[in-house]
Amino acid sequence: MSTFYTVTTIDRIPPGASRCVEVGGREIALFNLAGTVYALDDRCSHEDAPLSEGEIEGETVVCPWHLARFEIKTGKVLSAPACAGVETFAVRVRDGVVQVAIDDGTGG
Ligand code: FES
């Protein structure tokens, strides 16, 4: 079962921005695409580069190390050298507070 954790406030991640947050012992990359926030594992599936530091191009993020591309909304890999996608997490924004759903390990 997943639990929503508060990670930041929406004013700290304006449209077009990205940032890394830590929650549940994991580093999560947040991306604000035109006012909607998406969350991906902040480790590239190739060699663990921080995707939150990558360039955002449209709805994709370009890995800062070897330039693999990922679809921000789905985590799907779009180009080499990465060959696997990255995990995505549900996000909700309530009263300006950004929350990310992380599996709490209870399996429900
Ligand atoms: S670490 Fe991302 S493409 Fe290599």
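Refer to the structure presented above.
As the structure is a prediction and not an experimental result, all values here were calculated from the model.

**Q** How would you explain the overall build of the protein chain if you had to name every residue and give the values?
**A** Each helix and strand in the protein chain was counted, giving zero helices and eleven strands. In sequence order, the secondary structure elements of the protein chain are arranged as β-β-β-β-β-β-β-β-β-β-β. Taken against the 2.2 N^0.38 rule, which gives 13 Å for 108 residues, the C-alpha radius of gyration of the protein chain at 13 Å falls within 12% of a compact globule. Based on the C-alpha atoms only, the size of the protein chain along its principal axes is roughly 35 × 30 × 20 Å.

**Q** Tell me about the sheet that holds strand E2 (residues 18-23), residues and numbers included.
**A** The pairing of strands in a sheet comes from backbone hydrogen bonds and takes either a parallel or an antiparallel form. Reading across from one edge, E2-E3-E4-E9 is the order of the four strands in this open sheet, with antiparallel pairing throughout. Only two strands of the sheet have a single partner each, and these edge strands are E2 and strand E9 (88-89).

**Q** A description of the pairing of strand E11 (residues 97-103) should follow, citing residues and the corresponding values.
**A** Pairing analysis gives seven bridges linking strand E1 (residues 2-9) to E11, with the strands arranged antiparallel. The partner of Thr9 across the bridge, within E11, is Val97. Across four bridges, the pairing between strand E10 (residues 91-94) and E11 is antiparallel. Bridging from a neighbouring strand, Arg92 pairs with Gln99 of E11. Between E10 and E11, which pair antiparallel one after the other, the connecting turn spans two residues, and Asp95 there sits at a positive phi close to 55°.

**Q** Break down the sheet that holds strand E7 (residues 69-71) for me, citing the residues and quoting the values.
**A** Strands sit in the order E5-E6-E7-E8 across an open sheet of four strands; the sheet is antiparallel. Among the strands making up the open sheet, the edge pair consists of strand E5 (55-57) and strand E8 (77-79). Within this sheet the neighbouring strands show an average axis-to-axis angle of 30°, counted without direction. Direction of pairing for E5 relative to strand E6 (residues 60-62): antiparallel, over a ladder of three bridges.

**Q** Which residues make up the pairing of strand E3 (residues 26-33), and what are the values?
**A** Looking at chain direction, E2 and E3 are connected through six bridges and run antiparallel. Paired with Ser18 across the two strands is Phe31, which belongs to E3. Counted along the chain from E2 to the antiparallel partner E3, the turn is two residues long, and its residue Gly24 has a positive phi close to 60°. Of the strand pairs in this sheet, E3 and strand E4 (residues 36-41) are connected by six bridges, and their pairing is antiparallel. Paired with Ala29 across the two strands is Leu40, which belongs to E4. Following E3, the chain reverses through two residues before pairing antiparallel with E4; Ala34 in that reversal takes a positive phi of roughly 50°.

**Q** Give a description of the environment of Asp11 that names residues and reports values.
**A** Checked against the element boundaries, Asp11 lands in the loop between E1 and E2. Overall, the presence of 8 C-beta atoms within 10 Å leaves Asp11 in the exposed class. Note: C-alpha distance between Asp11 and Phe70 (59 residues apart in sequence) is 25 Å.

**Q** Tell me about the environment of Arg12, and please be specific about residues and values.
**A** Relative to the elements of secondary structure, Arg12 occurs in the loop between E1 and E2. In this structure the C-alpha to C-alpha distance between Arg12 and Glu22, which are ten residues apart in sequence, comes to 15 Å.

**Q** Any details on the nonpolar core? Residues and values, ideally.
**A** Ranked by size, the top nonpolar core spans 23 residues in total, and within it Ile28, Leu30, Ala39, Leu40, Leu51 and Phe70 carry the most contacts. Sequence-distant contacts of Leu40, that is, excluding residues within four places in its chain, are made with Ala29, Leu51, Phe70, Ile72, Gly75, Val86, Glu87 and Thr88.

So, how was this worked out
Residues numbered from 1 in each chain as written. Predicted model: local features only at pLDDT ≥ 70, side-chain atom pairs only at ≥ 80, totals over all residues. Helix = DSSP H or I, 4+ residues; strand = E, 2+ residues; numbered from the N terminus. Rg over C-alpha atoms; globule rule 2.2 N^0.38 Å. Pairing = 2+ DSSP bridges. Axes fitted to C-alpha atoms, helices over the stretch in contact; angles between N-to-C directions. Buried ≥ 20, exposed ≤ 12 C-beta atoms within 10 Å, placed from the backbone. Core = buried A, V, L, I, M, F, W, Y, C linked by C-beta atoms within 7 Å. Contact = placed C-beta atoms within 7 Å.

No statement about biological role is implied by the geometric values presented.
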